[in-house]
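Below, each chain spelled out in residue letters.
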Amino acid sequence: MTHPFLDLAPLTAAHFAAIERRVAGLLATEQDVVIMQGEALLPLEGCIRGGARPGSTALNVVTGPYGQTFGNWLRDCGANVIDLAVPFHTAVTADQVAQALAAHPEIDFVSLVHAEAATGNTNPVAEIGEVVRAHGALFMLDAVASVGAEPLLPDVWGVDLCVIGAQKAMGGPAGVSAVSVSERAWERIAANPEAPRHSYLSLLDWKERWIDGGRKALLHAPAQLEMLALEACLERIEEEGPEALMARHAAAAAATRAGAVALGGGLAPYVHEAKDAAPVATTLRAPAGVDAAGLVAKALAADPSLPLIAGGGALSKEMIRVNHYGVDATRGVVQSSIAALGSALADEGRQVDFEAARKAVSETWPNR
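Residues numbered from 1 in each chain as written. Predicted model: local features only at pLDDT ≥ 70, side-chain atom pairs only at ≥ 80, totals over all residues. Heavy atoms only, no water.

Caption draft 1: Molecular detail of the sheet that holds strand S9 (residues 177-181). Across the sheet, 7 strands lie side by side as S1-S9-S8-S7-S4-S2-S3; this open sheet has mixed pairing. Each of the sheet's edge strands pairs with one partner strand only, and the pair in question is strand S1 (32-36) and strand S3 (80-85). Averaged over all pairs of adjacent strands, the angle between their axes in this sheet comes to 15°, without regard to strand direction. As defined by bridge partners, S1 adjoins S9 across 5 bridges and the pair is classed as antiparallel. Within the sheet, the bridge partner assigned to Ile35 lies in S9 and is Ala178. Together, strand S2 (57-62), S3, strand S4 (109-113) and strand S7 (138-142) form the strand contacts of helix H3 (residues 65-76), whose direction differs from that of S2 by roughly 165°. Sheet strands touched by helix H5 (residues 125-135): S4 and S7. Its angle to S7, the strand with the most contacts, is close to 160°. (Pairing = 2+ DSSP bridges. Helix = DSSP H or I, 4+ residues; strand = E, 2+ residues; numbered from the N terminus. Axes fitted to C-alpha atoms, helices over the stretch in contact; angles between N-to-C directions. Contact = heavy atoms within 4.5 Å.)

Take a look at the structure:
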């Protein structure tokens, strides 16, 4: 009894390496790329535990919940952590990063999230990378939510550790992730006696046993289904074209923002400036007196497939998130999401304008 998910031919080392090369192509990087067999939190924690060490000083930029998580890991590594926190409705600036680095010249590690899907903001990595490179610190970037949705150029921007996941704009699986590693990052990790070794978190294991060995023998049995799904999503991106994929996400973000504003009913963009808004997800502030989680539940009652979710934790009462990424970055999904939110608001007795919202989405989305 065969099944398309079962009884597959083994995934060879050569096949695994070929998928790595395609990831490197997507990132336009000449750096080593390591595919790790787990969700992106695996390489993110591995990067921090490898790059930070007791007595080092890290600048941790906090523009959302993942930045908060990185700070906790850095402290657990024994690093002295300087948090640069900005309100979640905005983005950090290169000037703010430069000021923090000037105030603390001992900083030798910088962690940043490119796009925070949870809060809907995105940070200007190119400008920040220039500042960090001039300072000489190691630069780690969480690009899980930005890859495929907006430009991502780790080599050009001076990113030493660039972590991606396939489950958002790439439209791929969640159970596999990758990181590009610069030569100076390898040197830093190798010199850190506290860096994970002989561990699932270890980047050094991949360097010494996989890369330095000519990519001929895998460390362990690969997550075959996830690797094949990653390969399939890379094929789909190559067929559509990265530029077209990014344009589709930018259009979805602009149309969602315009449609929500035109809808009325008290909805407002959570991220104040459109330039700071992430293409992968649009966050909205619920009207005063309306519970965001309850509003989302009403909107999903008619169509549970819509990519709507309330904010996490304390934000669940005020924030609504429209996750227009991957296959959901389409005009139809945006129109349906805004219409569902409008119906939920109307049930709350709010005055909404469905036609104005529909027109705003249609006019904002570029004709093709």
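Caption draft 2: Layout of the pattern of salt bridges. Going through the model one piece at a time under the given rule, you end up with 18 salt bridges. Residues Arg215 and Glu20 are paired through a salt bridge, measuring 3.0 Å at the closest nitrogen-oxygen approach. Taken together, the positions of Arg215 in the loop between helix H8 (203-211) and helix H9 (224-240) and Glu20 in helix H1 (residues 13-27) put the pair 195 residues apart, joining distant regions of the chain. Judged by relative accessible area, which is 25%, Arg215 ranks as partly exposed. With a closest N to O distance of 3.7 Å, Arg22 and Glu235 form a salt bridge. Of this pair, Arg22 sits in helix H1 while Glu235 is found in helix H9, placing the two residues 213 residues apart along the sequence. (Salt bridge = Lys/Arg side-chain N within 4 Å of Asp/Glu carboxyl O. Buried < 20%, exposed > 50% of the residue type's maximum accessible area, 1.4 Å probe, protein only.)

Caption draft 3: Spotlight on the environment of His249. Relative to the elements of secondary structure, His249 occurs in helix H10 (residues 242-263). Judged by relative accessible area, which is 0%, His249 ranks as buried. When sequence neighbours within four positions are dropped, the list of residues in contact with His249 reads Gly148, Ala149, Ala169, Pro279, His324, Tyr325, Gly326 and Ala329. Within the structure, His249 has its side chain in polar contact with the backbone nitrogen of Gly326 (distance 3.0 Å). (Polar contact = N/O pair within 3.5 Å; in protein donor to acceptor, adjacent residues only side chain to side chain.)

Caption draft 4: Representation of the nonpolar core in the model. In terms of nonpolar packing, the biggest core is built from 80 residues, with Leu161, Ile164 and Leu230 touching the most fellow members. Sorting elements by how many residues they give to this core places H1 first, with 7 residues. Every residue in contact with Ile164, bar those within four places of it in the chain, is listed here: Val23, Leu27, Ala40, Ala143, Val144, Val147, Leu152, Met170, Ser177 and Ala178. Val296, Leu306, Ile320 and Ala329 belong to the second largest nonpolar core, which has 29 residues in total. (Core = buried A, V, L, I, M, F, W, Y, C linked by side-chain atoms within 4.5 Å.)

Caption draft 5: Region of the structure containing unusual backbone geometry. Within the chain, Asp7 stands out as a residue other than glycine whose phi angle is a positive 55°. Along the chain, the position of Asp7 falls in the segment before H1. For Arg215, which is not a glycine, the phi torsion comes out positive at approximately 55°.

Caption draft 6: Seen up close, the sheet that holds strand S12 (residues 308-310). One open sheet holds the 4 strands; their spatial order is S10-S11-S13-S12, and the pairing between them is antiparallel. In the strand order of this sheet, the two ends are held by strand S10 (268-269) and S12, each with one partner. Sheet topology places S12 next to strand S13 (residues 319-322); 3 bridges connect them, and they run antiparallel. By the bridge assignment for S13, Ala310 is matched with Ile320.

Caption draft 7: A look at the packing of aromatic side chains. Applying the stated criterion to the full structure yields 4 aromatic pairs. Taking the centre distance of 5.9 Å and the plane angle of 15° together, the rings of Phe16 and Trp206 count as stacked. You can see Phe16 sitting in helix H1 and its partner Trp206 sitting in helix H8, a full 190 residues away along the chain. Each ring, one from Trp206 and one from Trp210, has its centre 6.4 Å from the other, and the planes form 90°; the classification is edge-to-face. Of the two residues, Trp206 and Trp210 are both situated in helix H8; the distance of 4 residues between them amounts to about one turn of the helix. Residues Trp206 and Trp210 agree in their burial class; the two are buried. A connected cluster of aromatic rings, assembled from ring pairs, spans Phe16, Trp206 and Trp210. (Phe/Tyr/Trp six-rings, centres within 6.5 Å; stacked < 30°, edge-to-face > 60°.)

Caption draft 8: Summary view of empty space enclosed by the protein. Across all of its chains, the model carries 1 cavity of 30 Å³ or more by this definition. Counted as a void, the largest cavity has a volume near 40 Å³. Every residue along the wall of the largest cavity is listed here: Val23, Ile164, Gly165, Ala166, Met170, Val176, Ser177, Ala178 and Leu230. Listing elements by their share of the lining of the largest cavity, those giving two or more residues are strand S8 (161-165) and S9. (1 Å grid on protein atoms, 1.4 Å probe; cavity = no way out; pocket = protein on both sides within 12 Å on 5 of 7 lines; lining within 4 Å. Points joined across faces, edges and corners; volume = space filled by probe spheres on them.)

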